[in-house]
Every structure is written in C-alpha cells, then in structure tokens.
Amino acid sequence: MNRDEAQESGTSRAEGRRALHPAEFVALVGLLMSLVALAIDAMLPALPAIGRDLGVARTNDVQLVVMSLFLGMGVGQLLFGPLSDSIGRKPAIHAGLVLFMIGCFVSIFAPTFEIMIAGRVLQGIGVAGPRICSIALVRDQYEGRMMARLMSFAMAVFILVPTVAPALGQGLLFLGGWHAIFITFLVIAAIVLAWFGIRQPETLPEARRRPFSPRAIGGAVGEIVRIRPAIGYTLATGFVFAPFVAYLGSAQQIFQDTYGTGALFPLYFGVLALSFGAGSLVNSRLVMKYGMRRLSKSSAAFIATISLIASAALFAFDGLPPFWLFMAYLLSVFVSVSLLFGNLNALAMQPLGHIAGIGAAVIASVSTFVSVPLGAVVGQSFDGTLYALVGAFAVSGLATLAAMRWAEGGPGREKG
C-alpha cells in the first residue's frame, strides 16, 4: 500500500505496540472525551445540596461549581496541548487524569465553598488533558476515511453522556449525597487511567516530539492575535458559548426551582442535549452544500432573530412563558448553536495549519476565557425569570455576526 492509499483508507500509524482494535479504541477515546460532560452535567442536580451544606448565602453563587470547572479547562487546554507534543500523549493524559482525581479528593473533603471551588478548578485543569489530547491521539494513529469514521463514533459516545449524566447525578445524590457524585468521578477516572495505561500504546514517537516552551505558546498567541480571521472567529466562538455557559450554570434553578420539574429535570435536560447531536448530524450534511461561513451566518442570524422575538414575547408572560414554549425555544436555539460550534472552530483554524497543535489549544482557551466571564455575568443575573438568558442569546447571535464580519474584513480570508 503506497502513501496515498494509506491516507485514503486510514491505515493505523501507532508506533511500537500494536494499535488497539478500532472498537476498543473508540470506546476509550469516547470515554476520555466524555469526562468533561460528566464532570459538568452530573453535578447539576446536586447544586442546591452543595449550597446548603457549605453555607452558600446567595443561591446564584452555586453556579460557580460549574463555572469554575470551565475556568480550569481554559488553563488546562493551553497547558496540555503543547505538553503532549513534548512528552507524548500517554504521559500528558496520565497527568491530566491524576490532577482530575486530586481535584475530586479536594471537593469530597471540602470544608468550605471556597475549597470546593478550588477543587473544581483543579478538576477542570486535569480533565482538559484527556479532552484535548484524545483528539491528537486519534490523529496520530489514523487519517483519511478511517479517522473521520472513528471520530464520528467517538462523538456519538460523547453526545450520549449529557443525556444520562444528570440522571446519574440525581440517583447518586439520592443514594449517598453529593459526595457520592465526586466519589463516582474518582472511580471512573481511576478505571479510565488503568484501562488507558495498560491497553493504549504511545502514539507520538520521540522523533516527532517538540520541546515544551512557554515562548512557543506565547508566540502562537501573538500570531493568532495578528491573524484577523483567526482571532475574529475565536471571539465569535466565545460569544456563541457564553449564554450556553450561563444556561448550564442556571439549568437546575430554571427547571427545578422555577418550573418545578422535580425528578424529571434530567429527562428534559437530556432531550435538549440530544438536540446538539441532531444539529451535528444536520451540519455534516449541510456544510458540504452551503459552506461553513454561510451556514454559520444563517445560524447566528436565526439565534439573534428568534431570541429578539422571544425577548419581546417574555413581557406578555411576566418573564416566564409556558414550559412547552420554553422547551421549543431552547430546542431551536441549541440546534443552531451546535451548527456554529464546529464551523467556527474550523474557520478559526484555517489560517493556522502550520501551528495546528498549539493553535487548537490557544483557540480553545481564548474562547473559554471569553465565554466564561460573560456567561457568569448572565448566570448571576438570574432572578427567577428568563429575561437575562434569552436576552443573552440575542446579544450572542448579534455579537457572533459582528465578529464574523470583522474577521472577513481583513487579509487572510479563505474560502469555507
């Protein structure tokens, strides 16, 4: 088989030990990627109990249990991307899983809310390792059609986790309190660490490794800032994600406290999570016909338009529409948001092929640092109505359109 045939068929390129069977590899990568969603979504039913037990005075402050993990991820993505290029994929993922487990220990035994938040930040830094390195793990071993096929299967596993994580968290909360959720995180991470360590061979040989250099990271940041399309689409990604961060932080309050869904909260949350999977499937078909830019602009415009209409309509319901109408709105918005995520990231990466590894880490971190503070402001504004959240989606859509227009106004524009 020649080089071109290997690229097309996706021949495995693992070094040393024989690569895992694709089915086992997909399950392992899917689980590595899913730790992020599990660490966020399984916590949602436990937020009120954590607030009560740790003496949180303001109800909205329990949202920091979610926000702090995103903050840690922003730092961790910037660290683990270049680190895995330097020391190899396995040591980087091992280090991330161990940090995540240490963060779980801190949260389990946290005597105060501040210590709880510190543990969550550490969990976020740690979980960024398997999240960002697992993608490199796939690219190291496969290419062409096989890579696309395996990533599709891994993403299917990833999408399933948010649909069941809140139910898992609610069940654990009932059986053993919120401590049981962190203990479960700890056990799952330990199982993944053992499975990964024993079965998965290293995929980055020493000859292809690069020295870890803060200067290289700083240089990549500086280069991205100077490339207008890269920074423009990165900002757009952050704007899209901001109201979604606010939604995750306040979802338990909205569903259980405001709408009184009780034990059905995980079901409704799971239905909305599935809309992301549906949007991803739709995007895979539409993007080949309409292109990334056109599809992204249409999605952002739809989010802005429907959210502006919904914001005006909220006044007729004193800020709280019927539950079915609220669900219909979020379903339509979330499908559109899922179209934007992949396309905006791809557009931001287009001019960065020469620094793809560090570039991906920097884009992920910068968009997180944009979205988390903005999302926290919206989440902290929750007052039992939907004015802030729906308004944030409207502003997000408009800001995304503005950032895209600015990105396309300078040199370096490519077709997409």
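Notes on the structure follow.

About the criteria used
- Residues numbered from 1 in each chain as written.
- Predicted model: local features only at pLDDT ≥ 70, side-chain atom pairs only at ≥ 80, totals over all residues.
- Heavy atoms only, no water.
- Patch = residues over 30% accessible without salt bridge, like charges linked within 9 Å, V, L, I, M, F, W, Y side chains within 5 Å.
- Areas by Shrake-Rupley, 256 points an atom, 1.4 Å probe, with all protein chains shown as cover.
- Salt bridge = Lys/Arg side-chain N within 4 Å of Asp/Glu carboxyl O.
- Helix = DSSP H or I, 4+ residues; strand = E, 2+ residues; numbered from the N terminus.
- Buried < 20%, exposed > 50% of the residue type's maximum accessible area, 1.4 Å probe, protein only.
- Core = buried A, V, L, I, M, F, W, Y, C linked by side-chain atoms within 4.5 Å.
- Contact = heavy atoms within 4.5 Å.
- Phe/Tyr/Trp six-rings, centres within 6.5 Å; stacked < 30°, edge-to-face > 60°.
- Lys NZ or Arg CZ within 6 Å of the ring centre and 35° of its normal.
- Expected span 1.5 Å × (residues − 1).
- Axes fitted to C-alpha atoms, helices over the stretch in contact; angles between N-to-C directions.
- Parallel < 35°, antiparallel > 145°, perpendicular 65-115°, else oblique.
- Left-handed = near helix turned anticlockwise from the far one by under 90°.
- Nonpolar A, V, L, I, M, F, W, Y, C, P; charged D, E, K, R; others polar.
- Bend = angle between axes of the 7 residues up to and from the residue.
- Polar contact = N/O pair within 3.5 Å; in protein donor to acceptor, adjacent residues only side chain to side chain.

**Let's talk about a nonpolar patch on the surface**
Now for step 1: On the surface, a nonpolar cluster with roughly 310 Å² of combined accessible area is contributed by Leu 264, Leu 267, Val 271 and Leu 331.
Now for step 2: Residue position: Leu 264 is located in the loop between helix H9 (228-258) and helix H10 (265-290).
Now for step 3: Exposure remark for Leu 264: the relative accessible area of 42% places this residue in the partly exposed category.

**Quick look at the nonpolar core**
Now for step 1: In this structure, Ile 50, Phe 185, Tyr 247, Phe 334 and Phe 393 are the most contacted members of the largest nonpolar core, which totals 115 residues.
Now for step 2: With 13 residues, H9 is the largest single contributor of residues to this core.
Now for step 3: If we skip the residues at most four places from it in the chain, Tyr 247 touches Phe 255, Phe 269, Leu 272, Leu 330, Phe 334 and Leu 389.

**Description of the packing of aromatic side chains**
Now for step 1: The full count for this structure, using the stated rule, is 19 aromatic pairs.
Now for step 2: Ring centres of Tyr 247 and Phe 269 lie 6.0 Å apart, and the angle between their planes is 5 degrees; on these two criteria the pair is classed as stacked. Pair noted here: Tyr 247 is in helix H9 and Phe 269 is in helix H10, with a separation of 22 residues, a long-range link.
Now for step 3: Across the ring face of Phe 196, the terminal group of Lys 90 is positioned such that the distance to the ring centre comes to 5.9 Å.

**Here we look at the pattern of salt bridges**
Now for step 1: In this structure the tally under the stated criterion is five salt bridges.
Now for step 2: Ionic pairing is found between Glu 408 and Lys 297, a salt bridge with its closest N-O pair at 2.9 Å. In this pair, Glu 408 sits in the segment after helix H14 (387-407) while Lys 297 sits in helix H11 (residues 292-314), placing the two residues 111 residues apart along the sequence.
Now for step 3: A relative accessible area of 13% places Glu 408 in the buried class.
Now for step 4: Taking relative accessible area as the criterion, Lys 297 reaches 33% and is therefore assigned partly exposed.

**Focus: the environment of Ala 39**
Now for step 1: Note on placement: Ala 39 falls in helix H2 (residues 22-41).
Now for step 2: The class for Ala 39 is buried, based on a relative accessible area of 0%.
Now for step 3: Taking the C-alpha atoms as reference points, Ala 39 and Val 66, separated by 27 residues in sequence, lie 8.8 Å from one another.
Now for step 4: When sequence neighbours within four positions are dropped, the list of residues in contact with Ala 39 reads Leu 69, Phe 100, Arg 120 and Phe 185.

**Looking at the environment of Leu 32**
Now for step 1: Relative to the helices and strands, Leu 32 resides in helix H2.
Now for step 2: Separated by 97 residues in sequence, Leu 32 and Gly 129 place their C-alpha atoms 9.1 Å apart.
Now for step 3: Not counting residues within four places of it along the chain, the set of residues in contact with Leu 32 comprises Ile 93, Leu 97, Pro 130, Arg 131, Ser 134, Val 192 and Phe 196.

**Considering H11**
Now for step 1: Here H11 is 23 residues long and its end C-alpha atoms lie 32 Å apart, about the 33 Å a rise of 1.5 Å per residue gives.
Now for step 2: Turning to H11, its buried residues number three or more, namely Met 292, Arg 293, Leu 295, Ser 296, Ser 299, Ala 300, Ile 303, Ala 304, Ser 307, Ala 310, Ser 311 and Leu 314.
Now for step 3: Buried residues belonging to H11 abut H9, H10, helix H12 (323-349) and H14.

**Things to note about the packing of H11 against H12**
Now for step 1: Interhelical geometry of H11 versus H12 gives an angle of 150 degrees and a closest axis separation of 9 Å. Compared by their axis directions, H11 and H12 come out roughly antiparallel. In the crossing of H11 with H12, the sense of the turn from one axis to the other is left-handed. Facing H11, whose interface residues are Met 292, Arg 293, Leu 295, Ser 296, Ser 299, Ala 300, Phe 302, Ile 303, Ile 306, Ser 307 and Ala 310, H12 presents Tyr 329, Ser 332, Val 333, Ser 336, Val 337, Leu 339, Leu 340, Asn 343, Leu 344, Ala 346 and Leu 347.
Now for step 2: Partitioning the contact of H11 with H12 into residue classes produces 15 nonpolar, six polar and one charged.

**Things to note about unusual backbone geometry**
Now for step 1: For Asp 318, which is not glycine, the phi torsion reads 55 degrees and is therefore positive.
Now for step 2: Mapping Asp 318 onto the fold places it in the loop between H11 and H12.
Now for step 3: Asp 318 sits in the exposed class, given a relative accessible area of 65%.

**Let's talk about H9**
Now for step 1: With 31 residues, H9 ought to run about 45 Å at 1.5 Å a step, and its terminal C-alpha atoms sit 43 Å apart, in line with that.
Now for step 2: Helix geometry: H9 is bent most strongly at Ser 250, by close to 60 degrees.
Now for step 3: Judged by how many residues are buried, H9 sits mostly within the fold: 26 of 31 residues are covered.
Now for step 4: Just beyond H9, the residue with positive phi is Gly 260, at close to 65 degrees.

**Comments concerning the environment of Ala 242**
Now for step 1: Counting through the fold element by element, Ala 242 comes out in helix H9.
Now for step 2: The sequence separation of Ala 242 and Thr 368 amounts to 126 residues, and the corresponding C-alpha distance is 8.4 Å.
Now for step 3: Leaving out residues up to four positions away in the same chain, Ala 242 has contacts with Ser 371, Leu 374 and Gly 375.

**Some points on the side chain of Ser 84**
Now for step 1: Tracing the backbone through its elements, the reader meets Ser 84 in helix H4 (residues 64-87).
Now for step 2: Given a relative accessible area of 3%, Ser 84 falls into the buried group.
Now for step 3: Within the local environment of Ser 84, its side chain forms a polar contact with the backbone oxygen of Gly 81, the two atoms lying 2.9 Å apart.
Now for step 4: The contacts of Ser 84, once residues within four sequence positions are left out, are Arg 89, Ala 92, Cys 133 and Leu 204.

**A look at the side chain of Gln 77**
Now for step 1: Of note, Gln 77 is situated in helix H4.
Now for step 2: The exposure class of Gln 77 is buried, given its relative accessible area of 8%.
Now for step 3: A polar contact is formed between the side chain of Gln 77 and the backbone oxygen of Ala 364, at a distance of 3.4 Å.
Now for step 4: Contacts of Gln 77, omitting those with residues within four sequence positions, involve Pro 82, Ala 128, Ile 132, Ala 361, Ala 364, Ser 365 and Thr 368.

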